Amino acid sequence: MGRSYFVEEAVELYLSRLIVKEKDYVTGLLVGQLSQQRDFIVLAVRTPVKDEESDGPQRKTGQSKLDGLDEEWATEHAHQVSRMLPGGLFVLGVFLITSPELSKEAQNVLRKLVFSVDRTVMKTRLWHYAEDDVTDRVALHFCSVAKKITCRTYDVRDAKCSAKPADWKYQSGVSSSWVPLECTIKVDIHVPLPATSVKQDFQRSLRDGLAKWALQIEKSVFLLNGQVKEEDSELLYGQKKSRGTFPLPSFVVQVLTQIPQSSGERSTAAVQVCTGSTHLQGVLKCRAYIHSNKPKVKDAVQALKRDILNTVSDRCEALFEDLLLDGTLDQKESVKTSHSLPRRVFAPIVGSGVKLCGYMFDDEAAGEIRERFLELLDQDLKEEDFDIAEEINTEKATSDTGDAPRLVTPNIEHQESNKTSTVAFSVQQNLGVVLAAACALLAIAISLHYYIN
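Residues numbered from 1 in each chain as written. Predicted model: local features only at pLDDT ≥ 70, side-chain atom pairs only at ≥ 80, totals over all residues. Heavy atoms only, no water.

### Section: the pairing of strand E4 (residues 90–98)
Put simply, the test is: The classification of residues rests on relative accessible area computed with a 1.4 Å probe and restricted to protein chains. Under 20% of the type maximum is buried, over 50% is exposed, and intermediate values are partly exposed. Segments assigned H or I by DSSP are reported as helices when at least four residues long, segments assigned E as strands when at least two residues long, and all are numbered from the N terminus. Think of it this way: DSSP has to see at least two bridges between two strands before they count as a pair. Handedness is read with the strands pointing away from the viewer; a crossover is right-handed when the path from the first strand over the helix to the second is clockwise.
Buried residues dominate E4, accounting for 8 of its 9 residues. Across 6 bridges, the pairing between E4 and strand E5 (residues 136–143) is parallel. Among the inter-strand pairings, Ile-97 is bridged to a residue of E5, identified as Phe-142. In this fold, the crossover linking E4 to E5 by way of helix H3 (residues 103–123) has right-handed handedness.

Now the structure itself:
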């Protein structure tokens, strides 16, 4: 039995409006949430049209019109859209609108796009699919003349899988009542830069450091409204229906990071000669949404975990791209620099209770974010729709913990030195070994003192 997709009615209207006679085809993304029981589609987004159509692949005589589809352009759009999704929402697949004569070729194109999009989106993620994750992705073909819809799915874990039929059901209010989860989390990550690295390896070194931090987040304890709940229990247990709807609560989540404990076994400290270090520091606002159809606690926690990892990774990637554009990374005379990561800006999907997010640098105005939402998500919003005060940017985020947490944008500090080298020790070294070595050195010093006297 194939999967069933419950689709917001606004998506049907959106797809119908995309039928343009002068276009050979229209491609786009489908955004929503997967679960073991039901799958939900809350948004469809067309692929932006290139400024210069001549930049795309040129179709030769005798080739199909679909052979001119720019796969790289479509997958890059998927990558940018995935940055704008809070926890719980994913790019679940692609759609293709064609004329009837292209219907036979459409399925091959859709299959190729489904795998390319998923591979591109997951490439920069700090997490991997879990064993119980649903990895079926939807490929939707819409005939512009007959208005016929063909919905199939492919398992992106299996490159040789065959297409499976799926149900596509429009329904009102799919995205109107979702459970929001929010948390404020402090980030303090120190990443050494190896002596052998060059400026081009800066991003790779930072990503390796973030990967280690991601393991701590995965093992953290999440308190939902101050309570620890069983993973397999229902998130909305005890909530009674009122006239067919849930009085849905919101959840404020606390993240308790576990401190690695010594196993009692001797371990060797990892010594690494470095030319500098990167320090990521600040307080983040994270958010996730979960459907109200009997969601499990583990699904809600996983959605928020992935939002924490995604927003840190996405901000660093956005900053790195910005530094490359202005040539900052090529300035050899710089010894110590500090850069503010972009802060998060939330805005609602039109006609929905779910909010998407964008990233805003200090020198950007709300109008630029509005243009970005229009270009990437095809959402025409007003500037007052954006919640810019979610994170209050400061010049530098400190590591003081005495005051109440502040909603600040983390800063990244990159320090280099050509004259001296520092040594970075692995945080996994055994505390008992360190204390024993210190005591031994102290005893030797005392003995030498008495011997000399």
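### Re the nonpolar core
To be explicit about the condition: Throughout this description, the term nonpolar core refers to a set of buried Ala, Val, Leu, Ile, Met, Phe, Trp, Tyr and Cys residues connected via side-chain atoms within 4.5 Å. Residue contacts follow a heavy-atom distance rule, with two residues in contact if any of their heavy atoms lie within 4.5 Å.
In this structure, Leu-89, Leu-356 and Phe-373 are the most contacted members of the largest nonpolar core, which totals 46 residues. Secondary structure elements with two or more residues in this core: strand E2 (25–33), strand E3 (39–46), helix H2 (71–83), E4, H3, strand E14 (343–348), strand E15 (355–360) and helix H6 (366–377). When residues in this core are grouped by element, the largest group, 8 residues, is from H3. Excluding residues that lie within four positions of it along the chain, Leu-89 makes contacts with Val-31, Gly-32, Val-42, Trp-178, Val-354 and Leu-356. With 41 residues, the next largest nonpolar core counts Cys-286, Ala-288, Ala-300 and Val-301 among its residues.

### Brief notes about unusual backbone geometry
Positive phi, close to 60 degrees, is recorded for Lys-147, a residue that is not glycine. Within the fold, Lys-147 resides in the loop between E5 and strand E6 (149–155). For Lys-147, a relative accessible area of 47% translates into the label partly exposed. Its identity is not glycine, yet Lys-294 carries a phi of approximately 50 degrees, on the positive side. Here Lys-294 is to be found in the loop between strand E12 (271–290) and helix H5 (297–326).

### Here's the deal with the pattern of salt bridges
Stated precisely, the cut-off is as follows: Criterion for a salt bridge: a side-chain nitrogen of Lys or Arg within 4 Å of a carboxyl oxygen of Asp or Glu.
The final tally for this structure, using the stated rule, is 18 salt bridges. In this structure, Arg-83 and Glu-317 form a salt bridge, with 3.4 Å as the shortest nitrogen-oxygen distance. Taken together, the positions of Arg-83 in helix H2 and Glu-317 in helix H5 put the pair 234 residues apart, joining distant regions of the chain. The exposure classification of Arg-83 matches that of Glu-317, with both residues buried. Measuring nitrogen to oxygen at the nearest pair gives 3.7 Å for the salt bridge that ties Asp-118 to Arg-137. Pair noted here: Asp-118 is in helix H3 and Arg-137 is in strand E5, with a separation of 19 residues, a long-range link. Classification of Asp-118 by relative accessible area gives buried; the value is 13%.

### Focus on the sheet that holds strand E1 (residues 4–8)
The strand order across the open sheet built from 8 strands is E7-E6-E5-E4-E2-E3-E1-E8, with neighbouring strands paired in mixed fashion. Every interior strand has two partners, whereas the edge strands, strand E7 (164–165) and strand E8 (167–171), have only one.

### Side note on the confidence of the model for the protein chain
As a note on interpretation, predicted positions should not be read in detail where pLDDT is low. This is how the line gets drawn: Each residue carries a pLDDT value, the predictor's own confidence for that position, ranging from 0 to 100.
For the protein chain, the mean per-residue pLDDT works out to 80, and 73% of the residues sit at or above 70. Counted against residues more than four places away or in other chains, residues 393–408, with its pLDDT under 50, gives 34 contacts. Confidence drops under pLDDT 50 across residues 416–436; counting only partners more than four residues distant or on other chains, this segment forms 33 contacts.

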